[in-house]
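Per-entry structural report
Each chain, written out:
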Amino acid sequence: MKTTIDHKHQPKFDIHPFYVPIKTKFWISHSFSFLWMCFSIYLAYPWLMDLADIISFPFALIVIAGISYIPGYMNAFLIASLLLDRQPPFKHEYPSDPITLLIAAHNEEDNIVNTLHYVNKQDYHGEIKVILINNCSTDQTVKRALEAKKELNLDLDILHEETSGKFHALNRGLTAVKTSYVITLDADTLLHPSAVRFLVARMKSSPSDVCAVAGSVLVKNSRENIWTKIQEWDYFLGIASIKRLQGLYQGKLVAQGAFSLYKTAAIKEVNGWPDAIGEDIVLTWRLLEKKWKVYFEPLAVAFTEAPSTLKHFIYQRSRWARGMIEGLAEVKPWQQPQIYTKYLTGINLVMPFLDIAYTFFWIPGLILAFFGFYWIVGPMTLLVLPLTLISYSILYMYQSKYVFKRLNLKIRKNIFGFILFILGYQMIMSPVSVYGYFQQFFHVERRWK
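Residues numbered from 1 in each chain as written. Predicted model: local features only at pLDDT ≥ 70, side-chain atom pairs only at ≥ 80, totals over all residues. Heavy atoms only, no water.

**Observations concerning unusual backbone geometry**
Threshold: Under the scheme used here, helices are H or I runs from DSSP no shorter than 4 residues and strands are E runs no shorter than 2 residues, and both carry numbers assigned from the N terminus. Only protein chains enter the area calculation, which uses a 1.4 Å probe; residues under 20% of their type maximum are buried, those over 50% are exposed, and those in between are partly exposed.
If you check the backbone angles, Asn153 has positive phi at about 55° while not being a glycine. Along the chain, Asn153 falls in the loop between helix H5 (141–152) and strand E3 (156–161). A relative accessible area of 69% places Asn153 in the exposed class. Residue Lys291 is not a glycine yet carries a positive backbone phi of 75°. Locating Lys291 in the fold gives a position in the loop between helix H10 (279–289) and strand E8 (293–304).

**Regarding the pattern of salt bridges**
Keep this limit in mind: Salt bridge, as applied in this entry: a Lys or Arg side-chain nitrogen positioned within 4 Å of an Asp or Glu carboxyl oxygen.
Applying the stated criterion across every chain yields a total of 14 salt bridges. A salt bridge links Arg144 to Glu147; the shortest N-O distance between them is 4.0 Å. With a gap of three residues between them, Arg144 and Glu147 both fall in helix H5, about one helical turn apart. Classification of Arg144 by relative accessible area gives partly exposed; the value is 26%. Notably, a salt bridge pairs Glu330 with Arg286, separated by 2.9 Å at the nearest N-O pair. Highlighted residues: Glu330 in helix H11 (residues 310–330) and Arg286 in helix H10, separated in sequence by 44 residues. The exposure class assigned to Glu330 is partly exposed, which follows from its relative accessible area of 38%. Through salt bridges with shared partners, one network takes in Glu93, Asp123, Arg197 and Arg406.

**Here's the deal with the sheet that holds strand E7 (residues 259–263)**
The criterion, for reference: Pairs of strands are assigned from DSSP output, requiring at least two bridges between the strands. Any two residues having at least one pair of non-hydrogen atoms within 4.5 Å are treated as being in contact. The angle between two axes is taken between their N-to-C directions and runs from 0 to 180 degrees, where each axis is a line fitted to C-alpha atoms and a helix contributes only its stretch in contact.
Taken in spatial order, the eight strands line up as E3-E2-E1-E4-E7-E6-E8-E5 in an open sheet, and their pairing is mixed. Either end of the sheet is taken by a strand with one partner, and the two such strands are E3 and strand E5 (190–191). Strand direction decides the pairing type here: strand E1 (residues 99–105) and strand E4 (residues 181–185), joined by four bridges, are parallel. The residue of E4 that forms the bridge with Thr100 is Val182. Across the sheet, helix H7 (residues 195–204) touches E1, strand E2 (128–135), E4, E5, strand E6 (210–219), E7 and E8, and the angle it forms with E7 is around 35°.

**Observations regarding the packing of helix H12 (residues 339–370) against helix H14 (residues 415–441)**
Rules: Our angle categories are set so that under 35 degrees counts as roughly parallel, over 145 as roughly antiparallel, 65 to 115 as roughly perpendicular, and the remainder as oblique. Take the far helix as the reference: if the near one is turned anticlockwise from it by less than a right angle, the crossing is left-handed, and if turned clockwise, right-handed. For this classification, the nonpolar set comprises Ala, Val, Leu, Ile, Met, Phe, Trp, Tyr, Cys and Pro, the charged set comprises Asp, Glu, Lys and Arg, and every other residue, Gly included, is treated as polar.
Taken N-terminus to C-terminus, the directions of H12 and H14 make an angle of 130°; their axes are 9 Å apart at the nearest point. For the element pair H12 / H14, the angle class is oblique. Pair H12 / H14 crosses with left-handed handedness. Taking contact as the criterion, the partners of Met351, Pro352, Asp355, Ile356, Tyr358, Thr359, Phe360, Trp362, Ile363 and Leu366 in H12 are, on H14, Gln426, Met427, Ser430, Pro431, Ser433, Val434 and Tyr437. Its residues placed into classes, the contact of H12 with H14 shows twelve nonpolar, four polar and one charged.

**Details of the packing of helix H4 (residues 112–120) against H5**
The description of two packed helices rests on the angle between their axes and on the distance between the axes. Look at H4 against H5: their axes get within 9 Å of each other, and the N-to-C directions meet at 30°. When the interaxial angle is binned, H4 and H5 end up roughly parallel. For H4 against H5, the interelement crossing comes out right-handed. Counted together, Ile112, Val113, Leu116, His117 and Asn120 of H4 and Thr141, Arg144, Ala145, Ala148, Glu151 and Leu152 of H5 form the full contact between these two elements. For the contact of H4 with H5, the residue count by class is six nonpolar, three polar and two charged.

Functional significance is not addressed by these values, which are geometric in nature.
The following block contains the structure:
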């Protein structure tokens, strides 16, 4: 979504002068969402009764809960939380702690040089040690990295991991980490010049029980085709809103491997990255289980390559869905020690039901509506849409004013992609997620790339 990057003086955050405790924010948000759901249930009662005459009351209740009541509740909770959220100021905006940056790479000859160039442009005041772990590459990844090391005079070591799998590569790199902090970075991800500084600054400004800080990952190839145009808005609004929600309640559920900072000792205490297709999800939940907290820093921006084909998109998002199920199997929500993380991970228990409801109830109901049968999709389903638009509007203003302005970035004009994102994205996303759930249920073979 960026168009320019420079190093001009950057404005400070406009921090709200009144502090509202997290617990208070949590219950205010729940109260608002509960009242909204009660209102929607009241308005939708005739719809429920009409549908019950056709498919029975219990089944009608399940259908409407899956496509209206629960999504409305969750959207209302998101809106209230975003309105109450205030990012605390940095205590140490220019840290100088030495850090290690791990890059696991498999056949990345086309990307690795550019990635290392952006690492070299960081305005971070401390030492950055880069460790590239070559994981069974059959191309010129290592050669290109060595050329970049010489050209840029990088502090770069290259390790080799012969067992295929990203978690194997990261754990191999972990054995060579000597610093207190370690950052993971995907081989196709480009860093804003201040990304590392803001990521470490958030960690240094946080309580001692914070063990990881997730960066903000956006799309760098949004102009490639219609698929990337749609995903630009998903990263910019959809994923970012969830990250802010989770960060507010100190329980970011995924310190994503694409760009996140960890305390090295915490990673080692949970025995590194697990054998999972969603290794970053399971790792994060293990850290939360240890009573540590995971934060999110919106100013630590990186840009990744979004899938440019439907096939690649289906593979990526179904893998994410599988990773969520792996996390739920590994660490149950009720095993989480904090009420906020119990709730946030508990939401993931509901997500398969919502995706199934959307796929098998809402989409067929939409088709029926085109033929004049408003049994499932009708005026009442539109109650969810205003909440979605409101939450995205809040996020858009926040991203524009407090993130992009401070980083001297500009939001690309992508109206067509936004319209398709609002109207049709979920009709692709939910079936893809359902496909991932079935893959996990039937133990389909896992692949890193």
